[in-house]
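So you can see what is in the structure, the chains are spelled out below.
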Amino acid sequence: MNAKVIVVTSGKGGVGKTTTTANIGVGLAKLGEKVAVIDVDVGLRNLDVVMGLESRVVFDLIDVIEGKCRLQQALIRDKRVENLYLLPASQTRDKDALDPEVFKNAVKQLIEEEQFDRVLIDSPAGIESGFKTAAAPAQGALVVVNPEVSSVRDADRIIGLLEAQQIREINLVINRLRPKMVASGNMLSEADVLEILGVKPIGIIPEDEGILVSTNVGEPAVLGQSVAGQAFMATARRLRGEDLPFPKLEEDRGFMAALRRLFGVK
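Reading the values: the criteria
Residues numbered from 1 in each chain as written. Predicted model: local features only at pLDDT ≥ 70, side-chain atom pairs only at ≥ 80, totals over all residues. Heavy atoms only, no water. Polar contact = N/O pair within 3.5 Å; in protein donor to acceptor, adjacent residues only side chain to side chain. Helix = DSSP H or I, 4+ residues; strand = E, 2+ residues; numbered from the N terminus. Salt bridge = Lys/Arg side-chain N within 4 Å of Asp/Glu carboxyl O. Buried < 20%, exposed > 50% of the residue type's maximum accessible area, 1.4 Å probe, protein only. Pairing = 2+ DSSP bridges. Lys, Arg positive; Asp, Glu negative; His and termini not counted. Contact = heavy atoms within 4.5 Å. Core = buried A, V, L, I, M, F, W, Y, C linked by side-chain atoms within 4.5 Å. Phe/Tyr/Trp six-rings, centres within 6.5 Å; stacked < 30°, edge-to-face > 60°. pLDDT = per-residue confidence, 0-100.

Draft legend 1. Up close: helix α10 (residues 209–217). One side-chain oxygen at the N-terminal end of α10 lies 2.8 Å from the backbone nitrogen of Gly210; it belongs to Asp208. Within two residues after α10, Gly218 carries a phi angle of roughly 70 degrees, on the positive side.

Draft legend 2. Structural context of the pattern of salt bridges. Applying the stated criterion across every chain yields a total of nine salt bridges. The shortest N-O distance in the salt bridge between Arg118 and Glu33 comes to 2.9 Å. Remark: Glu33 occurs in the loop between α1 (17–30) and β2 (35–39) and Arg118 occurs in strand β5 (residues 118–122); sequence separation between them is 85 residues. Under the relative-accessibility criterion, Arg118 is labelled buried at 5%. Linking Arg80 and Asp78 is a salt bridge whose minimum nitrogen-to-oxygen distance equals 2.8 Å.

Draft legend 3. The arrangement of the pairing of strand β1 (residues 5–9) in detail. The buried fraction of β1 is high, at five of five residues. The pairing of β1 with β5 spans four bridges and is parallel. Looking at β5, one finds that Val8 is bridged to Asp122. Note that β1 and strand β6 (residues 140–145) share four bridges and pair parallel. Bridge pairing in β6 places Val7 opposite Ala141.

Draft legend 4. Inspection of the side chain of Asp39 at higher detail. Note that Asp39 resides in strand β2. Here Asp39 is buried and forms no salt bridge, its nearest opposite-charge partner Arg45 lying at an N-O distance of 6.0 Å. Engagement of the side chain of Asp39 in a polar contact is seen with the backbone nitrogen of Leu47, the distance being 3.2 Å. Asp39 has contacts with Arg45, Asn46, Leu47, Leu61, Leu87, Pro88, Ala89 and Asp122, leaving out every residue within four places of it along the chain.

Draft legend 5. How the structure looks around the sheet that holds strand β3 (residues 76–77). Reading across the sheet, the eight strands line up as β3-β4-β2-β5-β1-β6-β7-β8 and stay open at both edges, with mixed pairing between neighbours. Either end of the sheet is taken by a strand with one partner, and the two such strands are β3 and β8 (201–206). Strand direction decides the pairing type here: β2 and strand β4 (residues 84–87), joined by four bridges, are parallel. Following the sheet pairing, Val35 is matched in β4 by Leu84.

Draft legend 6. Region of interest: the nonpolar core. Core analysis: the biggest nonpolar cluster contains 46 residues, and Ile38, Val119 and Leu162 have the highest contact counts within it. Sorting elements by how many residues they give to this core places helix α7 (residues 149–164) first, with five residues. Not counting residues within four places of it along the chain, the set of residues in contact with Ile38 comprises Leu47, Leu61, Leu87, Phe103, Val107, Leu110, Val119, Leu120, Ile121 and Asp122. Residues Leu31, Val50, Ile202 and Ile205 belong to the second largest nonpolar core, which totals 37 residues.

Draft legend 7. Highlighting unusual backbone geometry. With a phi close to 65 degrees, Asn83 is a non-glycine residue in the positive phi region. The residue Asn83 is located in the loop between β3 and β4 in this model.

Draft legend 8. Region of the structure containing the packing of aromatic side chains. In total, this model carries one aromatic pair according to the counting rule given. Residues Tyr85 and Phe116 carry aromatic rings whose centres are separated by 5.5 Å and whose planes lie at 80 degrees to one another, so their mutual orientation is edge-to-face. Of the two residues, Tyr85 sits in strand β4 while Phe116 sits in the loop between α5 (100–114) and β5, which places them 31 residues apart along the sequence. Among the residues examined, Phe116 registers a relative accessible area of 1% and is labelled buried.

Draft legend 9. Focus on the confidence of the model for the protein. Mean pLDDT for the protein: 90, with 91% of residues reaching 70 or above. In this model, residues 251–266 is a region of pLDDT below 50 whose contacts with residues beyond four sequence positions or in other chains number five contacts.

Draft legend 10. Geometry of the side chain of Ser10. For Ser10, the location among the structural elements is in the loop between β1 and α1. Ser10 gets classed as buried once you look at its relative accessible area, which sits at 1%. Only 2.6 Å separates the side chain of Ser10 from the backbone oxygen of Lys12, close enough to count as a polar contact. A polar side-chain atom of Ser10 sits 3.3 Å from a polar atom in the side chain of Lys17. If sequence neighbours within four positions are ignored, Ser10 has contacts with Val15, Lys17, Val144, Asp154, Ala155 and Ile158.

Right under this line is the structure:
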């Protein structure tokens with residue numbers, strides 16, 4: 001993905017946008033890029049918690065835009081990963097405090113002054129003003145989707161809005177995939193999601209209880225060895241252009257699977 005500024009979005013809330021932003025940001029930094037992750041969820045602010053940096057927030061994005069501090073004062077450097085920085089959202093303001101054009105200029109300033117290789121923007125849920133602001137400076141997008149009908153339908157709407165904003169580099173991250181549920185027909189498969197949305201996934205992240213733990217303790221999964229952490233790291237590598245295959249997440253078992261193996265049917 002050549003895009004330097006990438007918005008991470010979904011339409012539907014609760015699909016794992018913030019977790020995806022944090023983990024891919026950390027992954028890209030581990031791979032040598034200088035990365036800024038920006039929380040645009042004004043009024044709620046969760047990216048700092050997921051990254052374990054909430055205790056170090058002094059100034060935020062709105063403070064920068066209103067001239068209450070310099071950009072460098074609001075940026076928080078992650079001490080665990082070299083060249084990773086967070087620009088937090090404000091908890092005390094609402095989304096209307098952030099104008100799309102002003103935010104676009106702030107991101108441009110960020111890249112010019114700090115020489116970032118990549119900027120990831122954590123978009124608020126929905127398709128209202130917060131999404132439009134988050135997408136304003138973006139050259140590319142990661143659309144996070146859960147393999148369920150409501151999430152895929154919302155993602156379809158978001159993809160249309162991104163294309164209308166001339167954002168051409170759109171990639172899909174399928175999050176919380178449960179292979180057993182897919183095998184039993186109770187969850188959409190990767191092929192189902194691809195058929196509906198017409199966008200190939202750049203990342204497939206399995207359901208992993210370790211993600212809940214990593215989020216609660218502010219330790220992104222890519223810093224550990226969990227299955228989901230490895231999948232996020234592989235996604236970061238694909239963003240950089242590496243041609244990595246998607247691993248088979250789990251061998252299907254049971255009577256029908258045994259029959260398929262017996263007759264050589266895949």
